[in-house]
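Each chain is listed here by its residues.
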Amino acid sequence: MPELNRRTFFKGAGVLAATVVGAQVLVACSSDDVRGYGGEPRTLPIPPADLGTREGSSVHFALEAQTGESQILPDVTTKTWGFNGTHLGPTLVVKKGDDVHVDVINNLDEMTTVHWHGMKLPAIADGGPHSPIGPGQTWSPTWTVANDAATLWYHPHTHGLTGLHAYRGLAGMIIVEDEATDKLDLPREYGVDDIPLVLMDHRFLEDGSLDEEDLPDLGLLGDTPTANGITNAHFDATTRRVRFRVLNGSNMRFYNLAFSDTRTFQVIASDSGLLDEPQDRTTLAIGPGERWEIVVELEPGEDVTLESVGFEDNYGVPDDEFVPDFGMSDSFQLLTITGPSDDAAQAPALPGVLVKSTEPDVIDATERTFIMNTFSINDLQMDMQRVDVVIDHDQPEVWIVTNDNSDWPHNFHVHDARFKVLKFEGTDVELFNDGWKDTVGLPPGATATLAVEFGHYPDPQWPYMYHCHMLYHEDQGMMGQFVIVEPGDEPAAVLGSGTGSSIDSAGGHAH
Ligand code: C2O
Ligand code: CU
Ligand code: CU
């Protein structure tokens, strides 16, 4: 297997160029020397928007996990997995207040699960490792959308196999809409000026199949970036203002988003919804599992590229031979973009205020600490029948999360929740952590103090997860479980279906 080399990680691009971006030098290499990565840029595929079948506020979706073949690389056929298609999945569009029903049909020949990342919902509908769907079986969760407008996503959460299943292509976006956001003058025409952008990275074998071998300590870190499932993607804008909903669906890779001319863009939403006000940025870190919505202005006819520029400080990871190369200094193109035609209408300014969010009240809140180190949290690895945290109230909590490794990055994701980052310490790496989030990046040594607001659906039997969203870490057991109960209640003696492998009791409806 070829060693990952940060200097040659650059395979999606077909150009010869050297661009100076601030202090960072992007060295673009010709792709012709790498089998299969060359060729013309291809049009960015847009996952179909799936509005479901609607009757009033009740909306029904069917998602079928299946195998297929795709052309992630131009003219190379790769076996992939997808929902309702050969690779990735449709973008599910729901509204706050909707009663959602999903039939998740497993047409694979192995067990999987589907988790609604970022959604507040009853644990029995959350789709974690306690909700396996066997081959040929259907799992039919139902819940009422409590989230504000946001970009969420869905992916498998099969214990020990989450990374592999997502890597094969089981991932899709969820757009939650709400009335207040509908009234804002934001780009919202899906596939036109409101563009889903699912970032992943892969490795390929000589025969074009996905390289599914875990690298030591790095798991399924890839060397070839993709956007919506293809390399070297190109977007021809038809408007002067474009909103990208960026999802990092990669197993292990952190991206540092920037445009090739270092232009300023505006961040309008974090993982869990709109920021109070648009924020100007020239770079933006996005770790595995995170989402950002950004808006970029485009001049007619211009060419600009959305890139990932290496983290100047290597994300706080020491750059020495004894530390695995997490790819933090890699630079590469993600999406080439051409501006609209001359007659495209001028874009009105973005609203100055997007939402008036309230801060969670955490005076006297319960405080908990989580120490992340290598593959464990608080010295423990995932146990499907161990309850790590019991929450017996409906108030926000303060979770203090530390990356105790001096040389590994981690991040931290909480199910059924959104949080604000109150404090971020212990590192010189500066991350943009505004707004409501459900996943926070943790450079070596970092401590994030989170005010966490949970969906309140007491159920002693069904646990939720918190974990590192670097999926190799999660699959190695860097995950814990919390149960929400009525005041004074205890978690059930046996969690979930009891076995974690039987669909019979894991299926069905939330209430
Ligand atoms: Cu996106 Cu528990 O995961
Ligand atoms: Cu999640
Ligand atoms: Cu981790």
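Procedures and definitions
Residues numbered from 1 in each chain as written. Chains lettered and ligands numbered in written order. Predicted model: local features only at pLDDT ≥ 70, side-chain atom pairs only at ≥ 80, totals over all residues. Heavy atoms only, no water. Helix = DSSP H or I, 4+ residues; strand = E, 2+ residues; numbered from the N terminus. Buried < 20%, exposed > 50% of the residue type's maximum accessible area, 1.4 Å probe, protein only. Contact = heavy atoms within 4.5 Å. Areas by Shrake-Rupley, 256 points an atom, 1.4 Å probe, with all protein chains shown as cover. Polar contact = N/O pair within 3.5 Å; in protein donor to acceptor, adjacent residues only side chain to side chain. 1 Å grid on protein atoms, 1.4 Å probe; cavity = no way out; pocket = protein on both sides within 12 Å on 5 of 7 lines; lining within 4 Å. Points joined across faces, edges and corners; volume = space filled by probe spheres on them. Nonpolar A, V, L, I, M, F, W, Y, C, P; charged D, E, K, R; others polar. Donors = N, O, S within 2.8 Å, 3.2 Å for Na, K, Ca; no water.

## What to know about the overall build of the protein
In step 1: Counting its regular elements, the protein contains four helices and 35 strands.
In step 2: Evaluated residue by residue, the protein yields a buried proportion of 61% over its 511 residues.
In step 3: Taking all contacts inside the protein whose residues are at least 6 apart in sequence as the whole, residues at least 24 apart take part in 77%.
In step 4: If you sum the accessible surface of the protein, you get close to 18800 Å²; carbon and sulfur atoms cover 48% of it.

## Describing the side chain of Arg 291
In step 1: Within the element layout of this structure, Arg 291 appears in strand β23 (residues 291–297).
In step 2: For Arg 291, a relative accessible area of 1% corresponds to the buried category.
In step 3: In this structure the side chain of Arg 291 is engaged in a polar contact, spanning 2.7 Å, whose partner is the backbone oxygen of Thr 151.
In step 4: One polar contact links Arg 291 to Asp 438, side chain to side chain, over a distance of 2.6 Å.

## Let's talk about empty space enclosed by the protein
In step 1: The final tally for this structure, using the stated rule, is seven cavities of 30 Å³ or more.
In step 2: Estimated volume of the largest cavity: approximately 80 Å³.
In step 3: Surrounding the largest cavity, 13 residues form its lining, Ala 285, Glu 290, Leu 431, Phe 432 and Asn 433 being those nearest its centre.
In step 4: It is strand β22 (residues 284–286) that provides the largest number of residues to the lining of the largest cavity, a total of three residues.
In step 5: When grouped by side-chain class, the residues that make up the lining of the largest cavity number eight nonpolar, three polar and two charged.

## Quick notes on the coordination of the copper ion (ligand 2)
In step 1: Surrounding the copper ion (ligand 2) are the protein donor atoms His 115 (NE2) and His 413 (NE2), which sit 1.9 to 2.0 Å from the metal. A residue pair is termed long-range when its members are at least 10 positions apart, and His 115 in strand β10 (residues 115–117) and His 413 in strand β30 (residues 410–414) qualify at 298 residues.
In step 2: On the accessibility criterion, His 413 (0% relative accessible area) is buried.

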